[in-house]
Amino acid sequence: MAVDTTQDGPATPRGRDFDAEPVVIEARGVTKSFRLPVNKISSLKEQITTFSRPDYRQLHALRDVSFEIRRGEFFGIVGRNGSGKSTLLKVLASIYAADAGRVRMAGRLAPFIELGVGFNPELTARENVELNGVMMGLERRQARSRLGAVLEFAELEEFVDMKLKNYSSGMLVRLAFSVMIQSDAEILLIDEVLAVGDAAFQQKCADVFHEMRDSERTVILVTHDMGAVEHYCHRAMLLHDGEVRGMGDPGEVARKYLRLNFESAPSSGEDSLGEVADIVVGEAWLQDGAGRRAANVEKGEELHFCAELEAKRDVEGPIFGFTFVNPDGVEVMGFGVPKEDLPERVAAGERIQIRSRVENRLAPGRYVVRCWVHRNRNISDIVLYSPHILDFVVFGKDEAGVAFFETEVEFELKEGEAR
Amino acid sequence: MSAEAQAPAQPVELREVRGPSATGGGSRRFFELLWLISATEFKKSFHGTAFGYIWSLVRPLMLFGVLLVVFTRIIRFEVPNYPVLLLFNLVVFGLFQEGTGAAVGSVLAQEGIVRKTQFPRLVIPLSSVMVAFFTLALNLIAVFAFILIYGITPMWTWLLLPVILLLIVVLTCAVSLLLSALNVRFRDVAIIWTVAATVLMYGTPIIYPLSIIEPSFLRDVLLANPLTLIFAQAHHWIIDPEAETALQAAGSWAAMLPATAIYVLTCVLGVWVFKREAPKIAERL
């Protein structure tokens, strides 16, 4: 993750005044649906031998989406997989045509939505940078003149005449990111690119994003990463099932996203096990020692994790469990509500508040909290599994290991046998 | 806060975003992209091989050698300067064959670009034709050297070669557009085309002279092929002024009508189908 974790809030006040800025992107009632054939026909024979019209399923990717973005805004679009965010980005980038509604825009748009698209592995970095520049609408001479700046940012000057197929994946991503940053596009569309390169390059990217926040450039960032949204964006929009479900303050939108996520999680099948939502997670958050909500904690600082669950139906003999998962996917620790505190049953409509104090031995990094609820006092009878009810960052100096322990080390030099 | 910052929003002019199209993104960008992509593709096709360009000449030369042996030692055609005519025909027909052959799968092959960038779709099949054209241009130098060595004296009608090439390039482009757009919908178009291209090669009098075909239904079919008339005219202009012109081969202006109609129809159809399909290509891939 490229988020700069050493500071708690954004570097500049979020309330940069955009009312004085002109609208540069305007979407009005954008609607897009795909006809997905139930059995895809892709050969002539099938077309001829299928007598009845093939069955189509209408997929509404975007329904009546409207918004305005003003110049210089860093605008986040969040939503679950399949919520329509990528489709929206493709409509904005003229890759898809909208079925209805109109999009209007002012200023040059970078025509990519993903890093490194259009790179030709058989060509050298020099040729690719030129090709990319021309794709962006530059003249060839202009495109060539950017080469130095692009390579310098990507720290790849020595590899200018190496074919891209011989680049490592890290080098490729650096080059791609650099090409995008160094373009003179006034509007950038960025789809999930924050986690690129090694730590040093990530820091550089984070700096660039901070810079972009405060520049004239308009940026639309599509991401799942609520940390990034809260950190960089001036404003955010929540898409769900192709509809706008929230717009405004990034923190507010991020919380809405998380709430929406957990409400629908059990029935979506995408990242949950249960079929019926007997219990849902209302909210989950961290607090600091003084009881204030916190997005991040410092390494070693006591950690208070809180969650509020709501029973939709009666649940007999519930068990509640939580685990913290580190960026490598390792469950670093887990805890549950102690047996003696567990109720016999939770009735429909009842709310369950869980507050915990955790000794924080977590190594710096981003953690995701998972939540389990079982019933009938039986671990294998799962009522709810939510793989991501909260994420937070532990910041501080990184050392080896997934956790750290207070260690006393003694050190002594002993004289050897004199010869 | 300064007074400037509190001034009401100055609306800037917004332009409509219309979605993808065959040529979207301005004509200068279109041609720059076409040129750059064709040139790099062309360079790429020779890179990494020791003899580079030579290989593009070896293929038609091999075919030429085999056919020459077959048709001068085994079956004889009473055609003056048959070897040079054969070589010229094979090389020029190569443009059509290679251009369409590369274009048919080109849009599918460039899936990444089509689905993730705003890219004028037309550039993709056209660059395949351009690459074939670059190859042809180089090969023609060798062909004309061969023609001169063979003892054919230069004629003023050689200056009309661009007319022949233009007719073939336009047809190649039209067929390429049609095939590359259809291939997105029906993936077997590419497979069918490999067969169809071979049929077309024998359905065009390039290896054999049209004159050996008696007036018959078969001859009428061959005459309906626009390439037949183009190659007949090329024979007259480039190799042998004694040979029939396209008009003489057809017999009358009316007899040239089917081929002309098919030519025009193919061009219109190619452009129309591609234009219609272009906005939807990204979704269908």
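Residues numbered from 1 in each chain as written. Chains lettered and ligands numbered in written order. Predicted model: local features only at pLDDT ≥ 70, side-chain atom pairs only at ≥ 80, totals over all residues.

### Concerning the overall build of chain A
In step 1: Helix and strand counts for chain A come out as nine helices and 19 strands.
In step 2: Looking at the 419 residues of chain A, the share that counts as buried comes to 38%.
In step 3: Long-range pairs, those at least 24 residues apart, make up 71% of the contacts in chain A with a sequence separation of at least 6. (Helix = DSSP H or I, 4+ residues; strand = E, 2+ residues; numbered from the N terminus. Buried ≥ 20, exposed ≤ 12 C-beta atoms within 10 Å, placed from the backbone. Contact = placed C-beta atoms within 7 Å.)

### Comments concerning the overall build of chain B
In step 1: When you go through chain B residue by residue, the secondary structure sums to 14 helices and one strand.
In step 2: Relative to all contacts within chain B whose residues are 6 or more apart in sequence, the contacts with residues 24 or more apart total 79%.

### Looking at the interface of chain A and chain B
In step 1: Listed by partner, the interface residues are 40 residues for chain A and 36 residues for chain B.
In step 2: Elements with a minimum of two residues in the side of chain A that touches chain B: strand E1 (23-37), helix H1 (44-49), strand E4 (100-105) and helix H3 (125-135) of chain A.
In step 3: Looking at the side of chain A that touches chain B residue by residue, the classes come out as 23 nonpolar, seven polar and ten charged.
In step 4: Here E4 of chain A pairs with strand E1 (residues 15-17) of chain B via three bridges, running antiparallel. Opposite Arg-104 of chain A, over in E1 of chain B, you have Glu-16 of chain B as the bridge partner. (Nonpolar A, V, L, I, M, F, W, Y, C, P; charged D, E, K, R; others polar. Pairing = 2+ DSSP bridges.)

### Digging into the packing of helix H4 (residues 82-104) of chain B against helix H8 (residues 161-185) of chain B
Residue and element names in this part refer to chain B.
In step 1: Close contact between H4 and H8 brings their axes to 8 Å; oriented N to C, the two are set at 20°. Considered as vectors, H4 and H8 are oriented roughly parallel to each other. Of the two possible hands of crossing, H4 and H8 adopt the one that is right-handed. Of the residues in H8, those touching H4 at Val-92, Leu-95, Phe-96, Gly-99, Thr-100, Ala-103 and Val-104 are Ile-168, Thr-172, Val-175, Ser-176, Leu-179, Ser-180 and Asn-183. (Axes fitted to C-alpha atoms, helices over the stretch in contact; angles between N-to-C directions. Parallel < 35°, antiparallel > 145°, perpendicular 65-115°, else oblique. Left-handed = near helix turned anticlockwise from the far one by under 90°.)

### Comments concerning the nonpolar core
In step 1: Core analysis: the largest hydrophobic core is formed by 146 residues, its most contacted members being Ala-176 of chain A together with Phe-88 of chain B.
In step 2: When residues of this core are assigned to their parent elements, the largest contribution, 15 residues, is made by H4 of chain B.
In step 3: Apart from the residues lying within four places of it in its own chain, the contact partners of Phe-88 of chain B are Val-143, Ile-238 and Ile-239 of chain B.
In step 4: Formed by 28 residues, the second largest nonpolar core is a distinct cluster that contains Phe-320, Phe-322, Leu-362 and Val-373 of chain A. (Core = buried A, V, L, I, M, F, W, Y, C linked by C-beta atoms within 7 Å.)

### A word on the sheet that holds strand E3 (residues 74-78) of chain A
Residue and element names in this part refer to chain A.
In step 1: Spatial ordering of the open sheet is given by E5-E6-E3-E7-E8, a layout of five strands whose pairing is mixed. Edge positions in the sheet fall to strand E5 (187-191) and strand E8 (243-248), since each has one partner strand and no second. For this sheet the average axis-to-axis angle between neighbouring strands, irrespective of direction, equals 15°.
In step 2: Sheet topology note: the E3/strand E7 (residues 235-240) ladder contains four bridges and is parallel.

### Examining the confidence of the model for chain B
In step 1: Across chain B, the average pLDDT comes to 86, with 93% of residues at or above 70.
In step 2: Within the model, the stretch residues 1-7 of chain B combines pLDDT values under 50 with five contacts to residues more than four positions away or in other chains. (pLDDT = per-residue confidence, 0-100.)

### Looking at the packing of helix H3 (residues 54-74) of chain B against H4 of chain B
Relative orientation and spacing of two packed helices are given, respectively, by the angle between their axes and the distance between those axes.
All names here are of chain B.
In step 1: It is at 10 Å that the axes of H3 and H4 come closest, and there the two elements cross at 140°. As summarised for this structure, H3 and H4 are arranged oblique, according to the angle between their axes. Crossing of H3 over H4 shows right-handed handedness. Where H3 abuts H4, its residues Pro-60, Leu-63, Phe-64, Leu-67, Leu-68, Phe-71 and Thr-72 lie against Tyr-82, Pro-83, Leu-86, Leu-87, Leu-90, Val-91 and Gly-94.
In step 2: Taken together, the residues of the contact of H3 with H4 sort by class into twelve nonpolar, two polar and no charged.

### A look at the sheet that holds strand E17 (residues 351-358) of chain A
All names here are of chain A.
In step 1: Reading across the sheet, the four strands line up as E10-E9-E12-E17 and stay open at both edges, with antiparallel pairing between neighbours. Only two strands of the sheet have a single neighbouring strand rather than two, namely strand E10 (293-294) and E17.
In step 2: Pairing geometry for strand E9 (residues 279-287) and E10, over two bridges, is antiparallel. The residue bridging Gln-287 from the neighbouring strand is Arg-293, located in E10.

### A word on the environment of His-60 of chain A
In step 1: Within the secondary structure, His-60 of chain A is located in strand E2 (residues 56-70).
In step 2: Taking C-alpha positions, His-60 of chain A is 4.3 Å from Ser-33 of chain A, a pair spaced 27 residues apart along the chain.

### Some details on unusual backbone geometry
All names here are of chain A.
In step 1: Phi at Asp-64 is positive, roughly 50°, even though this residue is not glycine.
In step 2: Summarising the element assignment, Asp-64 is placed in strand E2.
In step 3: Assessed through the 14 C-beta atoms surrounding it within 10 Å, Asp-64 is described here as partly exposed.

### Regarding the pairing of E3 of chain A
Residues and elements named next belong to chain A.
In step 1: Where burial is concerned, most of E3 is hidden: five out of the five residues are buried.
In step 2: Neither face of E3 is exposed, since Phe-74, Gly-76 and Val-78 on one face and Phe-75 and Ile-77 on the opposite face are all buried.
In step 3: Looking at chain direction, E3 and strand E6 (residues 218-223) are connected through five bridges and run parallel. Its bridge partner lying in E6, Phe-75 is registered against Ile-220.

### A closer look at the environment of Pro-258 of chain B
In step 1: Turning to its location among the elements, Pro-258 of chain B is positioned in helix H13 (residues 257-277).
In step 2: Along the primary structure Pro-258 of chain B and Asp-220 of chain B are separated by 38 residues, whereas in three dimensions their C-alpha atoms are 9.4 Å apart.

### Some remarks on the environment of Phe-177 of chain A
In step 1: With respect to the helices, strands and loops of the structure, Phe-177 of chain A is situated in helix H6 (residues 169-182).
In step 2: Along the backbone, Phe-177 of chain A and Glu-114 of chain A are 63 residues apart, and their C-alpha atoms lie at a distance of 9.5 Å.

### Structural notes on H3 of chain A
In step 1: Judged by how many residues are buried, H3 of chain A sits mostly within the fold: ten of eleven residues are covered.
In step 2: By the burial criterion, the buried members of H3 of chain A are Ala-125, Glu-127, Asn-128, Val-129, Glu-130, Leu-131, Asn-132, Gly-133, Val-134 and Met-135 of chain A.
In step 3: Buried residues belonging to H3 of chain A abut helix H4 (140-145), helix H5 (147-154) and H6 of chain A together with helix H2 (27-46) of chain B.
In step 4: A positive backbone phi angle near 95° is found at Gly-137 of chain A, which sits one or two residues after H3 of chain A.

### With respect to the confidence of the model for chain A
All names here are of chain A.
In step 1: Overall, the prediction assigns chain A a mean pLDDT of 79, with 84% of residues at 70 or greater.
In step 2: Mean pLDDT in chain A bottoms out at H1, which sits at 66, and peaks at E7, which reaches 92.
In step 3: Here residues 265-276 is modelled with pLDDT under 50, and outside its nearest four sequence neighbours on either side it reaches 20 contacts, counting other chains as well.

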